[in-house]
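# Structural overview for review
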Amino acid sequence: MGEVKAERRGLLIILSSPSGAGKSTLARKLRDWDPSLQFSVSSTTRAPRAGEVDGKDYYFTTQEDFRNSVNKGEMLEHARVFGNYYGSPRAPVQRAIDNGRDVLFDVDWQGAQQISNSGLEDYVLSIFILPPSIPELKRRLISRGQDDEETIKLRMSASWDEISHWDGYDYVLINDDLVETEVRLKSIITAERFRRSQQPRLLDHVRKLQTEFEDDT
Ligand code: ADP
Ligand code: 5GP
């Protein structure tokens, strides 16, 4: 890891949940709240949904290009989810950390585990989003209106596998009322930014205070 130039170390904020629990919605709220938050734009072999923009929502790619990137070590993590490949490009994450910027990841439990095991665990803040109930999860998937019946079935049947990893995360939020969840999520991030370990230049500040204190007494 490069030398930390910033006042504060960047956090790698990982959001995971079963599909439909609300993590993309919450991620968008966080982006509006703090435009300095950098989104990790994943590569995927999945087809774009209506309205999704290449380079903003995902880098849409072929299986061959995806495999090449993995083989060249360009992915910080990658996984097969719902029959498609997804991965987080490594280079933007490294740059963000070096510059004290936070990165937000929307990845499944496999991605969360790989990022935590990649030597970057000191930077990781992982948050799991649970739905209030399974019928409500299904209702949200259907109401999103972006997946056909077959895809919704696949996502529902995979939801327990994802939920079963809830206990590997630092924080867990039940996304019942959206506004409340948003407030809680922002509170967690705000607090984590002030951890002593996140502020490598505190020592300089305290030394300055000490000098001023000694000059004054
Ligand atoms: P994910 O990214 O986890 O797959 P989305 O953010 O796409 O889920 O949310 C799925 C659907 O549920 C969307 O239509 C979204 O507007 C809706 N939704 C998200 N959070 C809530 C909530 N707390 N209450 C009601 N609907 C919600
Ligand atoms: P979707 O197809 O709904 O956009 O995403 C499906 C699932 O893939 C979600 O659980 C999402 O968190 C996960 N996902 C998206 N990008 C990545 C990634 O780069 N790596 C991993 N491991 N999972 C991802």
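Going by the structure above, here's the rest.
Residues numbered from 1 in each chain as written. Chains lettered and ligands numbered in written order. Predicted model: local features only at pLDDT ≥ 70, side-chain atom pairs only at ≥ 80, totals over all residues. Heavy atoms only, no water.

## Structural notes on the pairing of strand 5 (residues 75-81)
A large share of strand 5 lies buried, amounting to five of its seven residues. Hairpin remark: strand 5 followed by strand 6 (residues 84-89), antiparallel, with two residues in the connecting loop; positive phi at Phe-82, about 50 degrees. (Buried < 20%, exposed > 50% of the residue type's maximum accessible area, 1.4 Å probe, protein only. Helix = DSSP H or I, 4+ residues; strand = E, 2+ residues; numbered from the N terminus. Pairing = 2+ DSSP bridges.)

## Here's the deal with the site of ligand 1
The environment of ligand 1 is formed by 14 residues, the closest being Gly-20, Ser-24, Thr-25, Arg-144 and Asp-176. A distance of 3.2 Å is found between a nitrogen atom of ligand 1 and a side-chain nitrogen or oxygen belonging to Arg-140. Interatomic distance of 2.9 Å between a backbone N/O atom of Asp-176 and a nitrogen atom of ligand 1. The cavity that encloses ligand 1 is the largest pocket. Those elements that place two or more of their residues in the shell around ligand 1 are helix 1 (23-33) and helix 5 (134-144). Sort the elements by how many residues they give to the shell around ligand 1 and helix 1 lands first, with three residues. Taken together, the residues of the shell around ligand 1 break down into three nonpolar, seven polar and four charged. (Near = heavy atom within 4 Å. Polar contact = N/O pair within 3.5 Å; in protein donor to acceptor, adjacent residues only side chain to side chain. 1 Å grid on protein atoms, 1.4 Å probe; cavity = no way out; pocket = protein on both sides within 12 Å on 5 of 7 lines; lining within 4 Å. Sits in = over half its atoms within 2 Å of the grid points. Nonpolar A, V, L, I, M, F, W, Y, C, P; charged D, E, K, R; others polar.)

## Considering the site of ligand 2
Close contacts around ligand 2 come from 17 residues, with Arg-46, Tyr-58, Tyr-86, Asp-106 and Arg-155 the closest. At 3.2 Å, a backbone N or O of Gly-87 approaches an oxygen atom of ligand 2. Under a 2 Å grid-point criterion requiring more than half of the atoms, the pocket assigned to ligand 2 is the largest pocket. Put simply, the parts of the chain that give the shell around ligand 2 at least two residues each are strand 5 and strand 6. Among the residues forming the shell around ligand 2, the class breakdown is six nonpolar, four polar and seven charged.

## Topic: the environment of Thr-61
If you trace the backbone, Thr-61 turns up in the loop between strand 4 (59-60) and helix 2 (63-71). By relative accessible area, which is 23% here, Thr-61 ends up partly exposed. For the pair formed by Thr-61 and Pro-48, sequence separation is 13 residues and the distance between their alpha carbons is 9.9 Å. If we skip the residues at most four places from it in the chain, Thr-61 touches Ser-43, Thr-44, Thr-45 and Phe-66. (Contact = heavy atoms within 4.5 Å.)

## Notes on the sheet that holds strand 6
Judged by pairing direction, the sheet is mixed, and its four strands sit side by side in the order 4-3-6-5 without closing on themselves. Each having just a single partner strand, strand 4 and strand 5 make up the two edges of the open sheet. One ladder, built from six bridges, connects strand 5 with strand 6; its direction is antiparallel. Directly across from Ala-79, in strand 6, lies its bridge partner Tyr-86.

## So, the packing of helix 1 against helix 7 (residues 178-193)
The geometry of a pair of packed helices is captured by two quantities: the angle between their axes and the separation between those axes. Taken N-terminus to C-terminus, the directions of helix 1 and helix 7 make an angle of 55 degrees; their axes are 10 Å apart at the nearest point. Classed by the angle they form, the pair helix 1 and helix 7 counts as oblique. Pair helix 1 / helix 7 crosses with right-handed handedness. On helix 7, the residues that touch Thr-25, Leu-26, Lys-29, Leu-30 and Trp-33 of helix 1 are Leu-178, Thr-181, Glu-182, Leu-185, Lys-186, Ile-189, Thr-190 and Arg-193. Split by residue class, the contact of helix 1 with helix 7 holds six nonpolar, three polar and four charged. (Axes fitted to C-alpha atoms, helices over the stretch in contact; angles between N-to-C directions. Parallel < 35°, antiparallel > 145°, perpendicular 65-115°, else oblique. Left-handed = near helix turned anticlockwise from the far one by under 90°.)

## Considering the layout of surface pockets
Of the volumes computed, that of the largest pocket is approximately 1200 Å³. What lines the largest pocket is a set of 50 residues, and nearest its centre among them are Lys-23, Ser-24, Arg-49, Tyr-58 and Asp-106. Those elements giving two or more residues to the lining of the largest pocket turn out to be helix 1, strand 5, strand 6, strand 7 (103-106), helix 4 (109-116), helix 5 and helix 6 (149-163). Counting residues per element, the lining of the largest pocket draws most heavily on helix 1, at six residues. (Points joined across faces, edges and corners; volume = space filled by probe spheres on them.)

## A short note on helix 5
Within helix 5, burial applies to Glu-136, Leu-137, Arg-140 and Leu-141. An end-on view of helix 5 places all buried positions within 140 degrees of arc, on one side of the element. Of the residues in helix 5, the exposed ones pointing more than 90 degrees away from the buried face are Pro-135 and Ser-143. The inward-facing, buried residues of helix 5 abut helix 6. Sitting at the amino-terminal end of helix 5 is Ser-133, which places a side-chain oxygen 3.1 Å from the backbone nitrogen of Glu-136. One or two positions beyond helix 5, positive phi appears at Gly-145, with a value near 65 degrees. (Arc of directions from axis to C-beta.)

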